[in-house]
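This is what each chain is made of:
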Amino acid sequence: LDENWEIWLDGGHNENAASALVKQAAQWQEQDGRPLYIIAAMLDHKDPANFIRPLEPFVKKLYVTTLESEPHMLKIQILKDKLPDAQSAASYRAALQDLQNDTPPGRILICGSLYLAGHVLKDIA
């Protein structure tokens, strides 16, 4: 992504983490109003709707994905069933590519799973 994009990474994956992210999203919106895009993946014992719904008023576009290498990740179809407004992406990289190609620059928040955060950090190291 070019310098017009900001990428934020958060391992939060529960309602308390969502509350903290809502506060941050509200601050961002007040600060400069840049569009916020979320890329999320979650483990199969988490509730994606309870995590994402509080953030929805701030989100321009939501992508759900999974990590095929992690057996306890929720499958994309289950995430889509619980979050019907979400776009599906084969990977977080595919979501990043789609955002770069089809949306105005803004902030990207990658969240919902420590596993996902770990994969992102491993990729950029």
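Higher on the page you've got the structure.
Everything in this summary refers to the structure shown in the same document. (Residues numbered from 1 in each chain as written. Predicted model: local features only at pLDDT ≥ 70, side-chain atom pairs only at ≥ 80, totals over all residues. Heavy atoms only, no water.)

This paragraph deals with the environment of Gly118. One can find Gly118 in helix H5 (residues 114-124). For Gly118, a relative accessible area of 35% puts it in the partly exposed group. Note: C-alpha distance between Gly118 and Lys61 (57 residues apart in sequence) is 23 Å. (Helix = DSSP H or I, 4+ residues; strand = E, 2+ residues; numbered from the N terminus. Buried < 20%, exposed > 50% of the residue type's maximum accessible area, 1.4 Å probe, protein only.)

Below, the discussion takes up the pattern of salt bridges. Within the structure shown, the criterion is met by 5 salt bridges. Glu6 is the partner of Arg34 in a salt bridge, and the nearest nitrogen-oxygen pair spans 3.2 Å. Residue Arg34 is found in the loop between helix H1 (15-31) and strand S2 (36-40), and its partner Glu6 is found in strand S1 (residues 6-9); the two are separated by 28 residues along the sequence. A relative accessible area of 25% places Arg34 in the partly exposed class. Residue Glu6 is classed as partly exposed on the basis of its relative accessible area, which comes to 24%. In this structure, Lys61 engages Asp98 in a salt bridge whose closest nitrogen and oxygen atoms are separated by 3.8 Å. Of the two residues, Lys61 is situated in strand S3 (residues 59-64) and Asp98 in helix H4 (residues 92-102); the sequence distance between them amounts to 37 residues. Its relative accessible area of 26% is what places Asp98 among the partly exposed residues. Salt bridges linked by common partners bring Glu6, Asp32, Arg34 and Arg107 together as one network. (Salt bridge = Lys/Arg side-chain N within 4 Å of Asp/Glu carboxyl O.)

This part takes up H4. Those residues of H4 not exposed but buried are Tyr92, Ala95, Leu96 and Leu99. The arc that holds every buried residue of H4, seen down its axis, measures 100°, which confines them to one face. Across from the buried face of H4, at angles greater than 90 degrees, the exposed residues are Asn101 and Asp102. Looking at the buried positions of H4, the neighbouring elements they touch are S1, S2, S3, strand S5 (107-111) and H5. (Arc of directions from axis to C-beta. Contact = heavy atoms within 4.5 Å.)

Right, let's talk about the nonpolar core for a bit. Counting residues in hydrophobic clusters, the biggest one holds 23 residues, and the most contacted among them are Ile38, Phe51, Ile52 and Leu83. Within the residue set of this core, elements represented by two or more residues are H1, S2, helix H2 (48-52), S3 and S5. Looking at this core, the element that brings in the most residues is H1, giving 6 residues. When near neighbours in sequence (up to four residues on either side) are disregarded, Leu83 contacts Pro48, Ala49, Ile52, Glu56, Leu62 and Val64. Counting 17 residues, the second largest nonpolar core, distinct from the first, contains Ile39, Leu67, Ala95 and Leu96. (Core = buried A, V, L, I, M, F, W, Y, C linked by side-chain atoms within 4.5 Å.)

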